[in-house]
Number of protein chains: 2
Amino acid sequence: MTSSNHENAAGPLTRLWGKIVGFALKLKKLGKDDPRRIIHSFKMGLALTLVSIFYYFKPLYEGFGLAAMWAILTVVVVFEFTVGSTLGRGLNRMLATLTAAALGVGAHRLATLSGETGEPILIALFVFIIAGIVTFLRFIPQIKARYDYGMLIFLLTFCLISVSGYRDEEVIEMAFERLSTIVIGSCTSVIVCIFICPVWIGVDLHNQIATNIEKLGNFLEGYGEEYFKVSEEGQPRDKSSILDGYKSVLSSSSKEETMANLARWEPRHGKFRFRHPWKQYLKVGSITRQCAFKIEALNSYLISEIQSPPEVRSIIQEASTAVSSECGKALKELASALRKMTKSSAAERHIANSKDAAENLKSVIRSSLSKHDDILQIIPAGAVASLLCEVVKCTEEIADAAHKLASLAHFKNAKPKVTPEQKELPSQGIVQPVSGIDGMHHVITINEPSQSLQENRNLPPAMAPRMEV
Amino acid sequence: MTSSNHENAAGPLTRLWGKIVGFALKLKKLGKDDPRRIIHSFKMGLALTLVSIFYYFKPLYEGFGLAAMWAILTVVVVFEFTVGSTLGRGLNRMLATLTAAALGVGAHRLATLSGETGEPILIALFVFIIAGIVTFLRFIPQIKARYDYGMLIFLLTFCLISVSGYRDEEVIEMAFERLSTIVIGSCTSVIVCIFICPVWIGVDLHNQIATNIEKLGNFLEGYGEEYFKVSEEGQPRDKSSILDGYKSVLSSSSKEETMANLARWEPRHGKFRFRHPWKQYLKVGSITRQCAFKIEALNSYLISEIQSPPEVRSIIQEASTAVSSECGKALKELASALRKMTKSSAAERHIANSKDAAENLKSVIRSSLSKHDDILQIIPAGAVASLLCEVVKCTEEIADAAHKLASLAHFKNAKPKVTPEQKELPSQGIVQPVSGIDGMHHVITINEPSQSLQENRNLPPAMAPRMEV
């Protein structure tokens, strides 16, 4: 009772304190989730303090005057979290200022030739026309993606130079001042950004693509167990399952495109070359997303109210779980190879296994499932099985795209590792071509090292581990 | 032969000309797709020319000095395509400048108290701390969504005021100048943006949500025909079908969120109130996207190589087509009511019909489909049927969310229209509750006007047309 009274009395204060604590915890979590954010904040402070030196030291101040403000302004707007973004903005700003300053000086000269009355009219006309054109050009998707900021700064500088030139005869000097301070501001930003704990957006994109594939792999590895666990308990599972990781993949499209656009600004770093195949990353990402849509459909059978009864599901349990878990393992191998930037054929075995399992699943359905009476009870289980077969195809497509990426990006070969499993089952990899009803391609996968060396000598690296029949 | 030689000779020139023509056509298409882009470009030119008056007229020039440049700069960076975006940036810029100017002046005063040696050190320290804090705060998602630009401008102004104050004793005057020119620039932008052919992002969001629902409706209306046409021709359809319109819905999530964030800045306009329920738009959008995922799964059966043979599909043709087309009609009615901003129960009848058809489909499957021999051939058709039943549920959810939106946004009631179809089938709307195996809720829909008036008097408007049993 007393504590309740106490709470009521101190209500507003307690609530305020609670809010402050909540906010602090939020900030702490933000920093913990990605400690690079804290470093970035320090870097921003450093870059701004560095550029403030322009005002502290007299010789520089006298050289640049008020235009030195532009250096500070440039750092604030150019300095971004990632190198790609900072470089992109910096280069855009410098190049746009250069061309706009030249054009602005030209426009100003042209206007002064027309006399006292004509000058303001001509300048207004120039500003109107250039502003209209530049604003319209910013709608072009290709320009918007990479040069939007440059177009903005072009317009800005052109207006400032041509309009202020009307008052100030030393227009060329002003243009030069603006350009040089912007170059200094941009370079300070870029140098601090690159040389102190750089955050490469290319690396982020690379990791995100790998993580997305891994998320699908996690889902598929756990799906079999989850689906048939439901059947035992007889009720839909808890929605907040760790399996839901794949959901973020569904809407990753625009983020990936932005990242690829920014990554193209970045110079060579680590294993990333200058012309790294960013477009292929987008392709891998897009195929991964296609697979995520299938997984969304699979997931809907986990939470659906319409379920096949346990006895129906148990018929396909073994084969389905095998398909799902082999696909999951294949995707996780692909993700791991991609993350390590190696060419690896470790996934091939799992893909071959998943195809075996899919054939097995089909024959189980044909032989056992059809004996069941109520077709309405069979269909959900059958649909899950058919979706799993689609997922096998998707997994293969992701593998193809990932292999192409590995060869385009010149990933190194992974050291061949022979797992105990492979030793036990030397002929497991050889799959007989089966003429299924679905017209799917079937694959002979050869795992024995000596044979594969002979067969694959003339194949491109990405294709080496498997041969399409 | 001659023409070929001619082409070779004029190769580079022809190619250049071709590129120019291609670029011009691209620009033309850009303007044709959305003529508001052309108007926006003119508006930008106008706003910049207007603000250039600050330099043309001497009295104003003498009043504001070089700071008038800030007015031009403000227009360039604040003037955006939509009112919400322009207002958001303008308000952010003004508010951030105001607070940062005050804080900057304070920091400058504090620094001067510490003497000649301490001053630059203290200012550098302030800049470092404020820059770090502001940069870190920008990572908070809620701040990033609405106040990112304000934070940037806050940092910018604080640095400019406190640093430049070190050289210029008239720091308060400078802060006032900067603030007043920014206010003038922002206001010019906002006024031109609102009063000349305004583009309301709220209207765009409203229309996009309606269009997305309509796209799903179009797909479903055409799906039945398309799926069974494939069966007749025996091969997958052409991929570039108009049915693919729904694909854009799959990845609309981030765009919708951005639009809703910007829409919240907009004042009351047309039928849109100040506190328009933008969050509910996002909910409708999200449920629509859920439905689009189901449709993506349905679509995969159109292009899949694994198909039920025509004789199997023809069994479910009538019932499936009915479910799909009734759902499609319901969605299109919902989209049309949403677009017109009216409360309408026109969709209810189609939803009830689609439920009837779904029950019918189930009994067709139970009675006829199970007689077929090869279960593997039945499953794809069965999966399509079961997906269609899921789509019925989705359609109902979209209808619920749309009705809630209609009541939250105080849409007006549509004038009741009695279609000839309704006259012919007066009792069609009454659906008997059927205890299906799936545990779905069933609905009694009452279409007869007199009865519905009696029954629904005490129900909230969104619920009025139907009663959950």
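So, how was this worked out
Residues numbered from 1 in each chain as written. Chains lettered and ligands numbered in written order. Predicted model: local features only at pLDDT ≥ 70, side-chain atom pairs only at ≥ 80, totals over all residues. Heavy atoms only, no water. Helix = DSSP H or I, 4+ residues; strand = E, 2+ residues; numbered from the N terminus. Buried < 20%, exposed > 50% of the residue type's maximum accessible area, 1.4 Å probe, protein only. Contact = heavy atoms within 4.5 Å. Areas by Shrake-Rupley, 256 points an atom, 1.4 Å probe, with all protein chains shown as cover. Buried area = accessible area lost by both parts, 1.4 Å probe. Salt bridge = Lys/Arg side-chain N within 4 Å of Asp/Glu carboxyl O. Polar contact = N/O pair within 3.5 Å; in protein donor to acceptor, adjacent residues only side chain to side chain. Nonpolar A, V, L, I, M, F, W, Y, C, P; charged D, E, K, R; others polar. pLDDT = per-residue confidence, 0-100. Core = buried A, V, L, I, M, F, W, Y, C linked by side-chain atoms within 4.5 Å. Phe/Tyr/Trp six-rings, centres within 6.5 Å; stacked < 30°, edge-to-face > 60°. UniProt positions renumbered as here; feature names shortened; annotations may be inferred. Patch = residues over 30% accessible without salt bridge, like charges linked within 9 Å, V, L, I, M, F, W, Y side chains within 5 Å. Least-squares fit on C-alpha atoms with pLDDT ≥ 70 in both. Domains from an automatic or database assignment. Lys, Arg positive; Asp, Glu negative; His and termini not counted. Charge placed at Lys NZ, Arg CZ, Asp CG, Glu CD. Expected span 1.5 Å × (residues − 1).

Draft legend 1. Seen up close, the overall build of chain A. When helices and strands are counted, chain A shows 18 helices and 4 strands. Across the 469 residues in chain A, those meeting the buried criterion constitute 54%. By sequence separation, contacts in chain A at least 24 residues apart represent 81% of the contacts at least 6 residues apart. As displayed, chain A has an accessible area near 21,800 Å², and 61% of this comes from carbon and sulfur atoms.

Draft legend 2. Main features of the interface of chain B and chain A. Facing 85 residues of chain B, the contacting portion of chain A comprises 85 residues. Between chain B and chain A, a total of about 7,900 Å² is buried, with carbon and sulfur atoms accounting for 76% of that surface. For the pair chain B and chain A, the interface holds 0 salt bridges. Linking chain B with chain A are 5 residue pairs in polar contact (both at pLDDT 80 or more). Ranked by residues supplied to the side of chain B that touches chain A, first place goes to helix H3 (residues 36-56) of chain B with 13 residues. When grouped by side-chain class, the residues that make up the side of chain B that touches chain A number 52 nonpolar, 20 polar and 13 charged.

Draft legend 3. Local environment of the confidence of the model for chain A. Residue and element names in this part refer to chain A. Summary statistics for chain A give a mean pLDDT of 79 and a share of 78% for residues scoring 70 or more. Per-element confidence in chain A is highest for helix H12 (residues 253-263), whose mean pLDDT is 91, and lowest for strand S4 (residues 466-468), whose mean pLDDT is 27. Under a pLDDT of 50 for its full length, residues 1-5 has, in the predicted model, 0 contacts with residues more than four places off or in other chains. Low pLDDT, under 50, characterises residues 418-469; the predicted model gives this stretch 65 contacts beyond four residues in sequence or across chains. Taken together, the chains of this predicted complex give a pTM of 0.79 and an interface ipTM of 0.79.

Draft legend 4. Representation of the nonpolar core. Counting 142 residues, the largest nonpolar core has Ile213, Leu298 and Ile365 of chain A together with Ile213, Leu298 and Ile365 of chain B as its most contacted members. The residues touching Ile213 of chain B, leaving out its near neighbours within four places in the chain, are Val284, Thr288, Leu331, Leu334, Ala335, Leu338 and Ile398 of chain B. Listed in part, the 108 residues of the second largest apolar core include Phe81, Phe136 and Cys159 of chain A together with Leu73 of chain B.

Draft legend 5. Main features of the packing of aromatic side chains. According to the stated counting rule, one finds 20 aromatic pairs over all chains in the structure shown. Taking 6.0 Å as the distance between ring centres and 45° as the angle between the ring planes, the aromatic pair formed by Phe128 of chain A and Phe42 of chain B counts as tilted. Linking Phe128 of chain A in helix H7 (residues 115-137) with Phe42 of chain B in helix H3, this pair reaches from one chain into another. On the basis of relative accessibility, which here comes to 29%, the residue Phe128 of chain A falls in the partly exposed class. Both rings, one in Phe272 of chain A and one in Trp278 of chain A, keep their centres 5.8 Å apart while their planes meet at 10°; by these two values the pair is stacked. Using a relative accessible area of 6% as the deciding quantity, one classes Phe272 of chain A as buried. Owing to a relative accessible area of 5%, Trp278 of chain A belongs among the buried residues under this scheme.

Draft legend 6. Representation of the pattern of salt bridges. Applying the stated criterion across every chain yields a total of 26 salt bridges over all chains. Two residues, Arg89 of chain B and Glu80 of chain B, come together in a salt bridge whose shortest N-O distance is 3.7 Å. The class of Arg89 of chain B is partly exposed, set by a relative accessible area of 23%. With a relative accessible area of 24%, Glu80 of chain B lands in the partly exposed category. Salt bridges sharing partners connect three or more residues here, namely Asp34, Arg36 and Asp204 of chain A.

Draft legend 7. Molecular detail of the UniProt feature "transmembrane region" (unreviewed entry) in chain A. UniProt annotation of "transmembrane region" (unreviewed entry) refers to residues 38-57, 63-83, 95-115, 121-140, 147-167 and 179-203 of chain A when read in the numbering used here. Secondary structure within residues 179-203 of chain A divides into 80% helix and 0% strand; the distance between the first and last C-alpha atoms comes to 32 Å.

Draft legend 8. Representation of unusual backbone geometry within the structure. Even without a glycine there, the phi angle at His410 of chain A is positive, about 55°. Within the secondary structure, His410 of chain A is located in the loop between helix H16 (375-408) and strand S2 (412-413). You will see that Met341 of chain B, though not glycine, has its phi angle at about 55°, which is positive.

Draft legend 9. A nonpolar patch on the surface, seen in detail. Together, Leu13, Leu16, Trp17, Ile20, Val21 and Leu25 of chain A give the surface a local cluster of nonpolar side chains, amounting to about 640 Å² of exposed area. Considering the arrangement of structural elements, one finds Leu16 of chain A in helix H2 (residues 11-33).

Draft legend 10. Representation of the relation of the copies chain B and chain A. Here chain B sits on chain A after a turn of 180° about the axis and a move of 0.0 Å along it, with an RMSD of 0.1 Å. Taken together, the rotation and translation relating the two chain copies correspond to the operation of a two-fold axis. An overlap of 100% is found between the interface residues of chain B and their copies at the interface of chain A, pointing to a shared contact surface.

Draft legend 11. Region of the structure containing the domain arrangement of chain A. Residues and elements named next belong to chain A. Annotation of chain A at the domain level lists domain 1 (1-31), domain 2 (34-195), domain 3 (201-413) and domain 4 (423-468). In this complex, domain 2 contributes 12 residues to the contact, which on the side of domain 3 involves 8 residues. Carbon and sulfur atoms supply 61% of the area that domain 2 and domain 3 bury against each other, a total of about 910 Å² over both sides. At the junction of domain 2 with domain 3, the criterion picks out 2 residue pairs in polar contact (both at pLDDT 80 or more). Elements represented by at least two residues in the side of domain 2 that touches domain 3 include exactly helix H6 (83-113) and helix H8 (141-164). Across the side of domain 2 that touches domain 3, the residue classes tally to 5 nonpolar, 5 polar and 2 charged.

Draft legend 12. Quick look at the environment of Val384 of chain B. Position of Val384 of chain B among the secondary structure elements: in helix H16 (residues 375-408). If we skip the residues at most four places from it in the chain, Val384 of chain B touches Tyr223, Tyr227, Leu298 and Tyr301 of chain B.

Draft legend 13. Highlighting a positive patch on the surface. A grouping of Arg264, Lys279, Lys283 and Lys404 of chain A is seen on the molecular surface, where their side chains present a positively charged patch. If you trace the backbone, Lys404 of chain A turns up in helix H16.

Draft legend 14. Region of interest: helix H15 (residues 346-367) of chain B. In this model H15 of chain B runs 33 Å from its N-terminal to its C-terminal C-alpha over 22 residues, within 8% of the 32 Å that 1.5 Å per residue would give. Within H15 of chain B, 16 of the 22 residues are buried, which leaves the element mostly enclosed by the surrounding structure.

Draft legend 15. Just the environment of Thr288 of chain B, in detail. All names here are of chain B. The residue Thr288 is located in helix H13 (residues 278-303) in this model. Taking relative accessible area as the criterion, Thr288 reaches 2% and is therefore assigned buried. In this structure, the C-alpha to C-alpha distance between Thr288 and Lys247, residues 41 residues apart in sequence, is 12 Å. Setting aside its immediate chain neighbours within four residues, Thr288 contacts Asn212, Ile213, Leu216, Val249 and Ile398.

Draft legend 16. Expanded view of the environment of Leu155 of chain B. For Leu155 of chain B, the position within the fold is in helix H8 (residues 141-164). For Leu155 of chain B, a relative accessible area of 2% gives the class buried. If near-sequence neighbours (up to four positions away) are discounted, Leu155 of chain B is found in contact with Met44, Leu48 and Val76 of chain A together with Ile130, Ala131, Val134 and Thr135 of chain B.

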